[in-house]
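Structure assessment
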Amino acid sequence: MKKIIVTGCNGQLGRQVNKEIGDEFELINTDVCEGEGIRSLDITNVDSVIALAREVKPYAIINCAAYTAVDAQEKDWDLSYKINAIGPRNLAIAATETGAKLVHISTDYVFAGNGTKPYTEFDPTGPVSAYGTTKLAGEKFVEQFAEHFFTIRTAWLYGDGKNFVKTMLRLSENHDEVSVVDDQVGSPTSTVELAKAIHYLLPTDNYGLFHGTCEGSCSWADFTDEIFRLAGKTTKVNHVSTKKYMEMNPASAPRPAYSILENYMFKLTSDFMFADWHDAIAEYIKTI
């Protein structure tokens, strides 16, 4: 059975990757903290990463690790660069040395978010936050040091763990109404769908940069409306502007107003299709 190193295995995507490919591959699960069946790995330490790769001799490395606390990173650029840029660099170096494929997950935040049509993999980037800037640096390191890689940019991800969907449902338990921005648009994406995409690409030589989100788009407020409808919640959703939200939450980092990604490379080079976001969230609500 081929071996795959999974970083960030305790995160939403890491958990779903285990469910998606755990029967087909021998997974070496790693995270910051050691646990049952989990090895401790500091991806910011190149020697540790290379040592593990030499020991395991993996078929592939799937990097689900990232620093995703968008607001906190504005005050901690060093840690952001270490995890989101240096970490992927180290994994890319280790993958090349051991002949492994690398799957790296990136983000819509690499774009400025002022677009008017879905971003393709060929559109110029322009991040406006620490998170976006450091994730873009990570992409460039992967491109520079990895010989065989799949970089997948995703957005508005939710799955098994802390996420927007669960936050809204929790708020609905003790609030008659919630205020959610209606002028930021994107494509809510299930980890189930993203893990399927990773599984699809893994055995191929279809290397490069991909966008990977559910089909269709909505605002955060529209997404919340659909979550509450599916969950049978009566909590009112107040649609507010980003300006209004920033006034209420001045510590918030800038976020892309337009985050719709076009899965252009998947469509140009394969027959893989993501589910529509309505269908994906409906399936997810059934599981929680």
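Every value quoted in this text rests on a predicted model; they were computed, and no experiment measured them.

1. Re the nonpolar core
One finds Ile 4, Val 17, Ile 62, Ile 198 and Leu 202 to be the most contacted residues of the largest nonpolar core, which totals 28 residues. Secondary structure elements with two or more residues in this core: strand S1 (3-7), helix H1 (12-21), strand S4 (60-63), strand S5 (101-107), strand S6 (149-154), helix H7 (191-201) and helix H10 (264-269). The element contributing the most residues to this core is H7, with 5 residues. Not counting chain neighbours up to four residues away, the residues in contact with Ile 198 comprise Leu 13, Val 17, Ile 62, Val 103, Ile 105 and Ile 152. Counting 23 residues, the second-largest nonpolar core is a separate cluster that includes Tyr 158, Val 180, Phe 228 and Trp 277.

2. What about the layout of surface pockets?
By volume, the second largest pocket is sized at about 240 Å³. As for the second largest pocket, its lining consists of 17 residues, and the residues nearest its centre are Ser 190, Val 192, Glu 283, Tyr 284 and Thr 287. At the level of secondary structure, the elements contributing two or more residues to the lining of the second largest pocket comprise H1, H7 and helix H11 (277-287). The dominant element in the lining of the second largest pocket, judged by the number of residues it contributes, is H11, at 5 residues. Class assignment for the residues of the lining of the second largest pocket results in 5 nonpolar, 5 polar and 7 charged.

3. Concerning the packing of aromatic side chains
Applying the stated rule across the entire model yields 20 aromatic pairs. Between Tyr 200 and Phe 272 the ring centres are 5.2 Å apart and the planes differ by 45°, which places this aromatic pair in the tilted class. Of this pair, Tyr 200 sits in helix H7 while Phe 272 sits in the loop between H10 and H11, and the two are 72 residues apart along the sequence. Judged by its relative accessible area of 30%, Tyr 200 falls in the partly exposed class. For Phe 272, a relative accessible area of 11% corresponds to the buried category. Taken together through their ring pairs, the aromatic side chains of Trp 156, Tyr 158, Phe 164, Trp 220, Phe 223, Trp 277 and Tyr 284 make up a single cluster.

4. A closer look at a negative patch on the surface
A cluster of like negative charges, contributed by Asp 182, Asp 183, Asp 222 and Asp 225, occupies part of the molecular surface. The topology assignment puts Asp 182 in the loop between strand S8 (177-181) and strand S9 (185-186).

5. A closer look at the UniProt feature "domain: RmlD-like substrate binding" (unreviewed entry) in the chain
Sequence positions flagged by UniProt for "domain: RmlD-like substrate binding" (unreviewed entry) are, in local numbering, residues 3-287. Helix makes up 42% of residues 3-287 and strand 19%, and the two end C-alpha atoms of the span are 29 Å apart.

6. Focus on the packing of helix H4 (residues 77-98) against helix H5 (residues 130-145)
Helix-helix packing is described using two parameters, namely the angle between the two axes and the distance between the axes. One way to put it is that H4 packs onto H5 with a least axis distance of 8 Å and a crossing angle of 15°. Classified by the angle their axes make, H4 and H5 are roughly parallel. H5 is crossed by H4, and the crossing has right-handed handedness. On H5, the residues that touch Trp 77, Ser 80, Tyr 81, Asn 84, Ala 85, Ile 86, Pro 88, Arg 89, Ala 92, Ile 93 and Thr 96 of H4 are Ala 130, Tyr 131, Thr 133, Thr 134, Lys 135, Ala 137, Gly 138, Phe 141, Val 142 and Phe 145. Grouping the constituent residues of the contact of H4 with H5 by class yields 13 nonpolar, 6 polar and 2 charged.

7. What to know about the state of the cysteines
A full pass over the atoms with the stated rule returns 0 disulfides. Free cysteine: Cys 9, not disulfide-bonded; nearest cysteine sulfur from Cys 64 at 8.8 Å. In this model Cys 218 remains outside any disulfide bridge; the closest cysteine sulfur is found in Cys 214, 10 Å from its own.

8. Examining the sheet that holds strand S2 (residues 26-31)
Spatially, the 7 strands line up as an open sheet ordered S3-S2-S1-S4-S5-S6-S11, and their pairing is parallel. Taken across any chain shown, the strands that pair with only one partner, and hence form the sheet edges, are strand S3 (38-40) and strand S11 (208-211). If you compare each strand with its neighbour and ignore which way they point, the axes differ by 25° on average. Bridging between S2 and S3 involves 3 bridges; their strand directions are parallel. If you follow Asn 29 over to S3, its bridge partner there is Ile 38.

9. Considering helix H8 (residues 220-231)
Taking 1.5 Å as the rise per residue, H8 with 12 residues should run 16 Å; its terminal C-alpha atoms sit 16 Å apart, in good agreement. Along H8, the residues that are buried comprise Trp 220, Ala 221, Phe 223, Thr 224, Glu 226, Ile 227 and Phe 228. Summarising the contacts, the buried residues of H8 are in contact with strand S7 (157-158), helix H6 (164-174), S8, strand S12 (218-219), strand S13 (236-240) and H11. Among the residues trailing H8, Gly 232 stands out with phi positive, at a value near 70°.

10. Observations regarding the pattern of salt bridges
A side chain with one charge can pair with a side chain of the opposite charge if their charged atoms come near. Across all of its chains, the model carries 11 salt bridges by this definition. When the shortest N-O distance is used, the salt bridge between Arg 54 and Glu 97 registers 2.5 Å. Taken together, the positions of Arg 54 in helix H2 (residues 46-56) and Glu 97 in helix H4 put the pair 43 residues apart, joining distant regions of the chain. Residue Glu 139 pairs with Arg 153 through a salt bridge whose shortest N-O separation is 2.7 Å. You can see Glu 139 sitting in helix H5 and its partner Arg 153 sitting in strand S6, a full 14 residues away along the chain.

Conventions we followed
- Residues numbered from 1 in each chain as written.
- Predicted model: local features only at pLDDT ≥ 70, side-chain atom pairs only at ≥ 80, totals over all residues.
- Heavy atoms only, no water.
- Core = buried A, V, L, I, M, F, W, Y, C linked by side-chain atoms within 4.5 Å.
- Buried < 20%, exposed > 50% of the residue type's maximum accessible area, 1.4 Å probe, protein only.
- Helix = DSSP H or I, 4+ residues; strand = E, 2+ residues; numbered from the N terminus.
- Contact = heavy atoms within 4.5 Å.
- 1 Å grid on protein atoms, 1.4 Å probe; cavity = no way out; pocket = protein on both sides within 12 Å on 5 of 7 lines; lining within 4 Å.
- Points joined across faces, edges and corners; volume = space filled by probe spheres on them.
- Nonpolar A, V, L, I, M, F, W, Y, C, P; charged D, E, K, R; others polar.
- Phe/Tyr/Trp six-rings, centres within 6.5 Å; stacked < 30°, edge-to-face > 60°.
- Patch = residues over 30% accessible without salt bridge, like charges linked within 9 Å, V, L, I, M, F, W, Y side chains within 5 Å.
- Areas by Shrake-Rupley, 256 points an atom, 1.4 Å probe, with all protein chains shown as cover.
- Salt bridge = Lys/Arg side-chain N within 4 Å of Asp/Glu carboxyl O.
- Lys, Arg positive; Asp, Glu negative; His and termini not counted.
- Charge placed at Lys NZ, Arg CZ, Asp CG, Glu CD.
- UniProt positions renumbered as here; feature names shortened; annotations may be inferred.
- Axes fitted to C-alpha atoms, helices over the stretch in contact; angles between N-to-C directions.
- Parallel < 35°, antiparallel > 145°, perpendicular 65-115°, else oblique.
- Left-handed = near helix turned anticlockwise from the far one by under 90°.
- Disulfide = S-S within 2.5 Å.
- Pairing = 2+ DSSP bridges.
- Expected span 1.5 Å × (residues − 1).

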